[in-house]
Amino acid sequence: NICGNFLLQDATKSSKIWEEEALKNNTVSITLFNSSHSESSVEVCIEIMEGEAVIFIVPPGNSISRTIEGAHAVTIERIGEEQASGKFCLDVCFIARHRDKYIYEKHIYKKEFP
């Protein structure tokens, strides 16, 4: 996987790290590592096409992974006023249908923050 860095501090309380309206029948895996130097936990919100969003919290010094079907956006937000920094990996897979055959495709997205 290709990982990106995040830094949430001062006026930057949240960041949308991925959004895709066109993908259907997808599976999104995200792993977020919140550095032990962070002073705040990070909330990860995975919006799905049908149903309620999946939300989990990553305390400083921890990493948590989730795999969700039908996702269309991933947002991270710090909890509290102190800074949070770390890394994330995002892996998006979907099945495309072509001439009655299913084609498995995998996309890895990378986004880095200062």
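Treat the numbers as computed from the prediction; the structure is a model and nothing was measured.

Asker: Explain unusual backbone geometry here, please?
Answerer: Across residues other than glycine, the phi torsion is negative in most instances, and most of the peptide bonds are trans. We note that Asp-10 has phi near 50°; this positive angle belongs to a residue other than glycine. Considering the arrangement of structural elements, one finds Asp-10 in the loop between β1 (3-8) and β2 (14-19). On the basis of relative accessible area, Asp-10 is assigned to the exposed category, the value being 66%.

Asker: Before we go on, may I ask you to explain the pattern of salt bridges in this structure?
Answerer: Any two side chains of opposite charge can pair, on the condition that their charged atoms come close. Evaluation of the coordinates by the stated rule reveals one salt bridge. In this structure, Glu-19 and Lys-16 form a salt bridge, with 3.8 Å as the shortest nitrogen-oxygen distance.

Asker: Would you take a moment to explain the sheet that holds strand β7 (residues 71-79) for this structure?
Answerer: Strand pairing within a sheet occurs via backbone hydrogen bonds; the two strands may be parallel or antiparallel. Taken together, four strands build an open sheet; the order of strands is β2-β7-β4-β5 and the sheet is antiparallel. Because the sheet does not close on itself, it has two edges, and the strands there are β2 and β5 (54-58). Neighbour-to-neighbour, the strand axes of the sheet open up by a mean angle of 15°, direction not taken into account. In this structure, strand β4 (residues 41-48) lies alongside β7, joined through eight bridges in antiparallel fashion. If you follow Ile-48 over to β7, its bridge partner there is Ala-71.

About the criteria used
- Residues numbered from 1 in each chain as written.
- Predicted model: local features only at pLDDT ≥ 70, side-chain atom pairs only at ≥ 80, totals over all residues.
- Heavy atoms only, no water.
- Helix = DSSP H or I, 4+ residues; strand = E, 2+ residues; numbered from the N terminus.
- Buried < 20%, exposed > 50% of the residue type's maximum accessible area, 1.4 Å probe, protein only.
- Salt bridge = Lys/Arg side-chain N within 4 Å of Asp/Glu carboxyl O.
- Pairing = 2+ DSSP bridges.
- Axes fitted to C-alpha atoms, helices over the stretch in contact; angles between N-to-C directions.

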